[in-house]
Amino acid sequence: MALVQSVVLTLFAKRITILIYGEQYSPSVGILRIVTWYSAFSYLGSARYIWFISENKQKYIWRIDLIGAVCNVIGNLTLIPLLGARGAALASLLTQVITNFVLNFVFEPIRENGIYMLKALNPIIIWNMCVGRKR
């Protein structure tokens, strides 16, 4: 559902922003289009933490969180001077993608979770869920 939300907000960000806040907020549309994807990967990360606990793999959480903090600081230091607020949004999105998706394939014991996430991001499976078909 988070992916559907992200697609809808990406496609209709300008209309939604103008409808709710007015034309003067239209410069924020680009930031909204980035931040909405941040949420999708954040939700995947929340589900992953539940998987970590159920599979007794909590020892990877501190490593992933540390790498995420470093990525976010480096991303912000690099991208904010270049892109301003869009750079901050992009740094946060990249951090979410790295910590909640990419790192699953770096640490071998949690790769299985990465496979689950790939399946969760499969557009065919998402479409079938939306129209009520079984895989």
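Residues numbered from 1 in each chain as written. Predicted model: local features only at pLDDT ≥ 70, side-chain atom pairs only at ≥ 80, totals over all residues. Heavy atoms only, no water.

*Asks:* I tried to follow helix H2 (residues 29–54) on my own but got confused; where do I start?
*Replies:* Counted at 1.5 Å a residue, the expected span for H2 with its 26 residues is 38 Å, and the 39 Å between its end C-alpha atoms agrees. Along H2, the positions that sit buried rather than exposed are Val29, Gly30, Ile34, Thr36, Ser39, Ala40, Phe41, Leu44, Gly45, Arg48, Trp51 and Phe52. Where H2 is buried, its residues contact helix H1 (2–21), helix H3 (61–83), helix H4 (85–100) and helix H5 (111–120). Following H2 by one or two positions, Asn56 has its phi on the positive side, about 60°. (Helix = DSSP H or I, 4+ residues; strand = E, 2+ residues; numbered from the N terminus. Expected span 1.5 Å × (residues − 1). Buried < 20%, exposed > 50% of the residue type's maximum accessible area, 1.4 Å probe, protein only. Contact = heavy atoms within 4.5 Å.)

*Asks:* How do you make sense of the environment of Gly30 when you look at a structure like this?
*Replies:* Mapped onto the elements of the fold, Gly30 is located in helix H2. Classification of Gly30 as buried rests on a relative accessible area of 13%. Along the chain, Gly30 and Thr10 lie 20 residues apart, while their C-alpha atoms are 8.8 Å from each other.

*Asks:* Would you explain the packing of aromatic side chains in this entry?
*Replies:* Inspection of every chain in the model, using the stated rule, returns 6 aromatic pairs. Plain terms: the ring middles of Tyr60 and Phe107 are 5.7 Å apart, the flat faces sit at 45° to each other, and that makes the pair tilted. Here Tyr60 is found in the loop between H2 and H3, whereas its partner Phe107 is found in the loop between H4 and H5, with 47 residues between them in sequence. Residue classification places Tyr60 among the buried positions, given a relative accessible area of 8%. Both rings, one in Phe101 and one in Phe105, keep their centres 5.7 Å apart while their planes meet at 70°; by these two values the pair is edge-to-face. Sitting over the face of the ring of Tyr49, Arg48 holds its NZ or CZ atom 5.3 Å from the ring centroid. (Phe/Tyr/Trp six-rings, centres within 6.5 Å; stacked < 30°, edge-to-face > 60°. Lys NZ or Arg CZ within 6 Å of the ring centre and 35° of its normal.)

*Asks:* For this particular structure, what's the right way to read H3?
*Replies:* Quick reminder: α-helices carry 3.6 residues per turn. Residues three or four places apart thus point the same way. Compared with the 33 Å implied by 1.5 Å per residue over 23 residues, the 31 Å span of H3 between its first and last C-alpha is a close match. Along its length, H3 reaches its greatest deviation from straightness, about 25°, at Asn76. Of the surrounding secondary structure, the elements contacted by the buried residues of H3 are H2 and H4. Directly after H3, the chain includes Gly84, whose backbone phi takes a positive value near 65°. (Bend = angle between axes of the 7 residues up to and from the residue.)

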